[in-house]
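Observations on the model geometry
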Amino acid sequence: MKRDPRFDVLFEPVKIGPVTAPNRFFQVPHCNGMGHQYPSSMAEMRGVKAEGGWGVVNTEECEISHTSELSGAIESRLWDDDDIPVLRKMVDKIHAHGGLAGIEPAHLGAGAANNYSREVPMGPAARPIDLLEPVHARRMDKSDIKAFRKMHVDAAVRSKKAGFDIVYVYAGHDMTTLMHFLQSDRNDRTDEYGGSLENRVRLLREVIEDTKEAIGDTCAVAVRLAVDEMRGKSGISSDGEGREIVEMLAELPDLWDVNVSGWENDSATSRFSDEGFQTDYIRFVKQVTTKPVVGVGRFTSPDAMVSLIKNGVLDLIGAARPSIADPFLPKKIDEGRVEDIRECIGCNICVTGDFLSHPMRCTQNPTMGEEWRRGWHPERIAPKSADESVLIVGGGPSGLEAARALGQRGYYVTLAERSDTLGGRVHIESQLPGLNQWRRVADYRTYQISQMANVATYLNSSLSADQVLEFEADHIVLATGSAWDTTGIGRNNRRAITGFNSDTVMSVDAICAGATPVGPVVIFDDDYYYMAGVLAEKLRNEGHEVTYVTPAADVSHWTHNTMEQTRIQARLMEIGVRIIPLHNLATIHADSVDLACMYTDRIQRIQCGTLIPVAMRNPRQTLFAELQGRAKSVTLIGDCNAPGTIAAAVYAGHRFARELGEEAVEGVPFRRELPALSLD
Ligand code: ADP
Ligand code: SF4
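Fair warning: this is a prediction, and the values are worked out from it, not measured in the lab.

A few points about the side chain of Asp354
- Relative to the assigned elements, Asp354 resides in helix H13 (residues 349-356).
- Once residues lying within four places of it in the same chain are set aside, the contact partners of Asp354 are Cys31, Gly33, Ala73, Glu75 and Trp263.

Quick word on the sheet that holds strand S8 (residues 127-128)
- With respect to topology, three strands assemble into an open sheet ordered S7-S9-S8, the strand pairing being mixed. Every interior strand has two partners, whereas the edge strands, strand S7 (122-123) and S8, have only one.
- When S8 meets strand S9 (residues 136-139), the two strands line up antiparallel, connected through two bridges. Bridging across to S9, Pro128 finds its partner in His136.

Focus on the packing of aromatic side chains
- A complete count under the given rule lists nine aromatic pairs for this structure.
- With centroids separated by 6.1 Å and ring planes inclined at 35°, the aromatic side chains of Trp79 and Tyr116 adopt a geometry described as tilted. Highlighted residues: Trp79 in the loop between strand S5 (76-77) and helix H2 (84-95) and Tyr116 in the loop between strand S6 (100-106) and S7, separated in sequence by 37 residues.
- Judged by relative accessible area, Tyr116 falls into the exposed class, the value being 57%.
- A cation over an aromatic ring shows up here: Arg617 above the ring of Trp484, its NZ or CZ 5.3 Å from the ring centre.

Quick notes on the nonpolar core
- Core analysis: the largest hydrophobic core is formed by 85 residues, its most contacted members being Leu10, Leu204, Leu225, Ile245, Trp256 and Ile333.
- Counting residues per element, this core draws most heavily on helix H5 (residues 197-215), at seven residues.
- Apart from residues no more than four positions distant in its own chain, Leu225 is found in contact with Ala171, Leu182, Leu204, Gly242, Ile245, Val246, Trp256, Asp257, Val258 and Asn259.

Remarks on the site of ligand 1
- Near ligand 1, the surroundings consist of 22 residues, among which Pro397, Ser398, Glu417, Arg425 and Asp639 are the closest.
- Contact distances for ligand 1 include 2.9 Å between an oxygen atom and a side-chain N or O atom of Ser398.
- Arg418 is positioned with one of its backbone polar atoms (N or O) 3.1 Å from a nitrogen atom of ligand 1.
- Starting from 580 Å² of accessible surface for ligand 1 in isolation, the protein chains cover 92%.
- In the shell around ligand 1, the residues fall into seven nonpolar, eleven polar and four charged.

Quick look at the pattern of salt bridges
- Inspection of the entire model under this criterion finds 56 salt bridges.
- Glu69 serves as the salt-bridge partner of Arg77, at 3.9 Å between the closest nitrogen and oxygen. Here Arg77 and Glu69 have matching classes, each one buried.
- With its nearest N and O atoms 3.0 Å apart, the salt bridge here joins Asp340 to Arg337.
- Judged by relative accessible area, Asp340 falls into the buried class, the value being 13%.
- Via salt bridges that share partners, Glu370, Arg373, Arg374, Arg655 and Glu659 belong to a single interconnected network.

Examining the packing of helix H19 (residues 531-541) against helix H20 (residues 565-575)
- Interhelical geometry of H19 versus H20 gives an angle of 25° and a closest axis separation of 10 Å. Taken together, H19 and H20 sit at an angle that is classed as roughly parallel. Seen along the crossing, H19 lies across H20 with a hand that is left-handed. Residues Gly533, Ala536, Glu537, Arg540 and Asn541 of H19 form the contact with H20, whose own contacting residues are Arg571, Leu572 and Ile575.
- Class assignment for the residues of the contact of H19 with H20 results in three nonpolar, two polar and three charged.

Section: the site of ligand 2
- As a matter of local geometry, ligand 2 sits amid Arg321, Ile324, Ala325, Cys344, Ile345, Gly346, Cys347, Asn348, Ile349, Cys350, Cys362 and Thr363.
- By residue number, the principal contributor to the shell around ligand 2 is helix H11 (residues 321-325), which donates three residues.
- Considering only residue class, the shell around ligand 2 consists of eight nonpolar, three polar and one charged.

Points about the sheet that holds strand S24 (residues 592-597)
- Pairing is antiparallel across the open sheet formed by three strands, whose spatial order is S23-S24-S25. Two strands in the sheet have a free side with no partner beyond their single neighbour: strand S23 (583-588) and strand S25 (603-607). With strand direction ignored, the average angle separating the axes of adjacent strands in the sheet is 35°.
- Pairing of S23 with S24, which is carried by five bridges, proceeds in the antiparallel orientation. Each bridged residue has a counterpart across the sheet, and for Thr587 the counterpart in S24 is Asp594.

What about the domain arrangement of the chain?
- On domain assignment, one finds that the chain holds domain 1 (5-356), domain 2 (389-481 + 620-659) and domain 3 (484-618).
- Averaged C-alpha coordinates put domain 2 and domain 3 at centres separated by 30 Å.
- With 13 residues of domain 2 at the interface, the matching set in domain 3 holds ten residues.
- Counting the surface lost from both domain 2 and domain 3, the interface buries some 970 Å², and carbon and sulfur atoms represent 67% of this.
- When the buried area of domain 2 at its contact with domain 3 is split by residue, Leu432, Pro433 and Pro643 rank highest and sum to 47% of it.
- Counting across the domain 2 and domain 3 interface gives one salt bridge.
- Between Asp639 and Arg617 there is a salt bridge whose closest N-O contact spans 3.6 Å.
- For the pair domain 2 and domain 3, the interface holds four residue pairs in polar contact (both at pLDDT 80 or more).
- Counting residues per element, the side of domain 2 that touches domain 3 draws most heavily on helix H15 (residues 425-429), which supplies three residues.
- By residue class, the composition of the side of domain 2 that touches domain 3 is seven nonpolar, two polar and four charged.

Some details on the UniProt feature "domain: TMADH/DMDH/HD second alpha/beta" (unreviewed entry) in the chain
- When the UniProt feature table is mapped onto this chain numbering, "domain: TMADH/DMDH/HD second alpha/beta" (unreviewed entry) sits at residues 510-606.
- Between the end C-alpha atoms of residues 510-606 the distance is 23 Å, and the span holds 26% helix and 29% strand.

What about unusual backbone geometry?
- Put simply, Ser261 and Gly262 share a cis peptide bond, and its omega is -10°.
- Note on placement: Gly262 falls in the loop between strand S12 (255-260) and helix H7 (263-266).
- Located in the positive-phi region is Arg298, a residue other than glycine, with phi close to 50°.
- Along the chain, Arg298 falls in the loop between strand S13 (293-295) and helix H10 (302-310).
- For Arg298, a relative accessible area of 6% translates into the label buried.
- Unusually for a residue other than glycine, Leu582 sits at a positive phi of about 60°.
- Among the secondary structure elements, Leu582 is positioned in the loop between strand S22 (578-580) and S23.

Here is what the cut-offs are and how they apply
Residues numbered from 1 in each chain as written. Chains lettered and ligands numbered in written order. Predicted model: local features only at pLDDT ≥ 70, side-chain atom pairs only at ≥ 80, totals over all residues. Heavy atoms only, no water. Helix = DSSP H or I, 4+ residues; strand = E, 2+ residues; numbered from the N terminus. Contact = heavy atoms within 4.5 Å. Pairing = 2+ DSSP bridges. Phe/Tyr/Trp six-rings, centres within 6.5 Å; stacked < 30°, edge-to-face > 60°. Buried < 20%, exposed > 50% of the residue type's maximum accessible area, 1.4 Å probe, protein only. Lys NZ or Arg CZ within 6 Å of the ring centre and 35° of its normal. Core = buried A, V, L, I, M, F, W, Y, C linked by side-chain atoms within 4.5 Å. Near = heavy atom within 4 Å. Polar contact = N/O pair within 3.5 Å; in protein donor to acceptor, adjacent residues only side chain to side chain. Areas by Shrake-Rupley, 256 points an atom, 1.4 Å probe, with all protein chains shown as cover. Nonpolar A, V, L, I, M, F, W, Y, C, P; charged D, E, K, R; others polar. Salt bridge = Lys/Arg side-chain N within 4 Å of Asp/Glu carboxyl O. Axes fitted to C-alpha atoms, helices over the stretch in contact; angles between N-to-C directions. Parallel < 35°, antiparallel > 145°, perpendicular 65-115°, else oblique. Left-handed = near helix turned anticlockwise from the far one by under 90°. Domains from an automatic or database assignment. Buried area = accessible area lost by both parts, 1.4 Å probe. UniProt positions renumbered as here; feature names shortened; annotations may be inferred.

Dropping the structure here:
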């Protein structure tokens, strides 16, 4: 198919200083939990993006010195020449597909504890570092500033040696020394690097100039700047110092990459932000510079991209998450296959890899992070190994992905779903407050299988074991999901709570299906992800009196890893949800519940008309049990195997499809990246 001419503008080359981007699709720097520890995985992942049409593909933040390192987190490194080959591998993968490779050298200063190198962190002022660790940064003196500038020059020269086309100067996300010097509340210096904005900008200006001088003849120099910290005039703001900084340096860099700060604002989830949420903060930039401008906003709609270009907001469409969810997004637009785009749902499961120090994963794209170690490609899959049929029971994320990928392999697939809609938990959960974009997990797959002649879908089909066997399918896949438990058993309670079988208790599933609670509602969160918090929001918005109880110290605790916790807690507080942290559920009475303090066991009794335990889910395995010994190939996938995230369910469906008919691998089923062992 041919590209819609409306989108031609997206495929125009853009000159960036001495280099030219082949189109306007720009993968901005993003962390991935692979970096220096899993460099081949990282290189392959970036190469796949270039293959998918991203004209520019960048690294994540790349530590430029052992004196500023984030050990624990897995970023790229360019500490000395030894790191060059690692990054060259990534560059070569990108160049092989005609893309430009960019690097984001970073000095984290007061944002890093240096736990590996044990160097004392340094920053503009003598202050505690940002991490909650007993570490202070020391104030940089003139010799430190000289050394700091040299670190950037060395990193730029090494970047050039590695073959990079674009070298960043990074003053963003509230995370780097260059940004810390800009911030009036971090920089209390009285020398020429502190005080007036002009003085605070001095170091950034010098580093841009140094970098240009060092490598600017062949490499473009980009500046990544946080133009708004989203804290009004007390921080850098797009109608205050953010704008003034861009005005001061307007023509100095070859490219402006502008966004909001910190990272939790820049990568806000869809629960709290819409596509294009940064546009109002960054639109001024093109008015004050003639240099190309790139910005982000979880863009997946080509129409929105075109209007950003035509309205003079951006020259390049920046993307981190949309490029993770669909590395082939540009190619699909180019080939007139817009409806095939696998749109990011804005859940930030990708971000958790950085916080938890493991290779990134993605809810929508099960191949993310698996490109090198398993050889999984986001668009290609091996053809079927035999002329066989597969019956999949359950049309949730795991069943849908299995059907899609098996269909792509050429198997004859029947998908039976007992409800009248595909999507399973995604269909249900996407109706909860703020989660409506999660629907895309089902929409993408439903559309894909609707285009496949070898995949038949049956709705309103609750299959019994006998009916399953009547299909005489070569393989039976059960993707029947899970049901929320009501006993209170979970992480903190190993036995059912006394009173769990009373009328007071209502399940999460019942609430999601529209049941109305009576009296004051108590939600007990021993799950720690989004569900309890989102139910509290829903029920409070519907006018119920809601108390949220959790053994953790704060609301929806695991969402620290998706960078939403603060927002979720603030929202619940603002709408009037009563929050009782650090308490376990002890006993359920007719009109009250007893809560036990996590530290003292002291009991407090609170009114409760309806108790909703959000603690664990039970896999639905009845069908599996009934089929035992009656069918030769039956496999449980997704939540009916072990309840988990939607990302895990999609992955399970994909993995089953990849592995069907393939020889089982003994031992570790993927390639590993081991450190080279010293011979002495
Ligand atoms: P997962 O996340 O593993 O995909 P879900 O709970 O989202 O699991 O989806 C499971 C789906 O399976 C639900 O849509 C449910 O209606 C369906 N289902 C469960 N049991 C049966 C059955 N016996 N026959 C057909 N569909 C079923
Ligand atoms: Fe988007 Fe979620 Fe995938 Fe991240 S994990 S890229 S937010 S769909």
